[in-house]
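# Coordinate analysis (summary)
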Amino acid sequence: MKVSELGEFGLIDLLAKMANVPQAGPASGQPLILGIGDDAAAWRGDTSTQLATVDSLIQDVHFPSGITSWEEVGWRAMAANLSDIAAMGGQPRYALASLALPGDTEVVDVTALYRGMLALAEQHGVVLIGGDTCRAPLVIITLTVLGNTKDPAQPILTRAAARPGEPVAVTGELGTAAAGLRMLTEKLQFAPEVTSRLRQAFLRPCPRVAEGQLLVEHGIRTAIDISDGLIADLNHICTSSQVGARIEVDRVPIHPAMKASFGDKALELALAGGEDYELLFTGQLEVINRVKAAAACPITVIGEIVADKGKGVTLVDSEGTPVNLGKTGWEHFTPE
Ligand code: ADP
Ligand code: MG
């Protein structure tokens, strides 16, 4: 069987079974808290819970050559990793960078890549402490980021704690990054302020590190970052928590300029586009309202967790009528 027949998540499941990660959790007496299956792995350290995540950006898969600068590629590579630590409610601390490059890559391009990576790292107090460099037929940047919780007693945000009846909420606006990618690849023309907002959203996403910590401090226990798309990532929460979810599509926050520029496509981009690096979370309504009052960014309730796990994520309009959407998110190896 080919990898493309199994799909990204089928392959991860297969490899996870082989890895045979010891049963984690507080009752196990193991230092390991979370192995494969969440935004980051977590284990009990001496002074706090330790977190680790790894992500790759690959030329032509994640960054179409020619439309993004090297600095922007570096920024995005760091953003994807910091976002996974944010989705655990942790503080990122250290990064390791593995760089695969063709020999004819210009040195100034590599230093530009590092400038972008280090600029975002510095904003979050993250220090680059090592890595690896090797020759390859195309550019691949793999970053590992290590982080931790503020203190050992602080819980982490997981994908597995959602309960029926809890509202589902998101930070910021959705679909702007995917709209930016589409604008760049299809060379779409918009007003300068719209162009710069869409470009910024795709190429310089800001991981919600402070917001992740705010969620934990206020009592939220379930979150994921939106890297693959709202529906796909909410599905990960549903699978891990053994629940379903209903999204009211009219409540999904979309920037007005994006809506005006993309019309009917705007909703699809917001639901399935991916790479927004916003946080998707669930919790009691009064807790979400407290988070909303304390957060510097918009927080929007967009639906609810339901007990029926059979259907995964369902979409409805404001009257409760089901809405259908073709593509539900990004998965490697699945044909577009
Ligand atoms: P994210 O989108 O948050 O980066 P992924 O969907 O890439 O998460 O991964 C889901 C889970 O599977 C994570 O816990 C990740 O560490 C794990 N994982 C992904 N690929 C592999 C692999 N090749 N071997 C072991 N674990 C993997
Ligand atoms: Mg993630």
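Please refer to the structure higher up on the page.
Residues numbered from 1 in each chain as written. Chains lettered and ligands numbered in written order. Predicted model: local features only at pLDDT ≥ 70, side-chain atom pairs only at ≥ 80, totals over all residues. Heavy atoms only, no water.

## Description of the sheet that holds strand 3 (residues 49–58)
Each strand in a sheet pairs with its neighbour through backbone hydrogen bonds, running either in the same direction (parallel) or in the opposite one (antiparallel). Cut-off, in case you're wondering: Following DSSP output, two strands are said to pair if at least two bridges run between them. Secondary structure elements are taken from DSSP: a helix is a run of H or I of four residues or more, a strand is a run of E of two residues or more, and numbering for both begins at the N terminus. In this analysis an axis means a line fitted to C-alpha atoms, helices contributing only their contacting stretch, and an angle means the value between N-to-C directions, from 0 to 180 degrees.
Strand order in this open sheet of six strands is 1-2-3-6-4-5, and the pairing throughout is mixed. This sheet does not close on itself; its edge strands, each paired only once, are strand 1 (32–34) and strand 5 (127–135). Going across the sheet, the axis of each strand differs from the next one's by a mean of 20°, ignoring polarity. Pairing of strand 4 (residues 91–101) with strand 5 involves eight bridges; the strand directions are parallel.

## Things to note about the site of ligand 1
Put simply, the rule reads: The rule for a residue being near a molecule or strand is that one of its heavy atoms must lie within 4 Å of it. We call two N or O atoms a polar contact when they sit within 3.5 Å, provided that within protein one can donate a hydrogen and the other can accept it, with sequence-adjacent residues counted only if both atoms are side-chain atoms. Each accessible area value is a Shrake-Rupley result obtained with a 1.4 Å probe; residue values ignore everything except the protein chains displayed when judging cover. Any residue that is not Ala, Val, Leu, Ile, Met, Phe, Trp, Tyr, Cys, Pro, Asp, Glu, Lys or Arg is counted as polar, Gly included; the first ten are nonpolar and the last four charged.
Taken together, F9, I12, L15, I36, G37, D38, D39, D55, D84, R159 and S227 are the residues near ligand 1. At a separation of 3.0 Å, an oxygen atom of ligand 1 approaches a polar side-chain atom of D84. Note that an oxygen atom of ligand 1 is positioned 3.4 Å from one of the side-chain N or O atoms of S227. When isolated, ligand 1 has an accessible area of 560 Å², and the protein chains bury 65% of it. Broken down by class, the residue content of the shell around ligand 1 amounts to four nonpolar, two polar and five charged.

## Some thoughts on the coordination of the magnesium ion (ligand 2)
Which entries qualify depends on this criterion: Metal donors: N, O and S atoms at distances within 2.8 Å, or within 3.2 Å for Na, K and Ca, with water omitted from the atom set so that some sites may seem incomplete. Think of it in three bands: residues with accessible area under 20% of the maximum for their type are buried, residues over 50% are exposed, and the middle band is partly exposed, with areas taken using a 1.4 Å probe on protein chains only.
Around the magnesium ion (ligand 2), the protein contributes the donor atoms D39 (OD), D84 (OD) and D225 (OD), which lie 2.0 to 2.2 Å from the metal centre. Counting along the primary sequence, the residues that act as donors to the magnesium ion (ligand 2) give the motif D-x44-D-x140-D. Here D39, found in the loop between strand 1 and strand 2 (41–44), pairs with D225, found in strand 8 (residues 222–225); they are 186 residues apart in sequence, far enough to count as distant. With respect to class, D39 is no different from D225; both count as buried.

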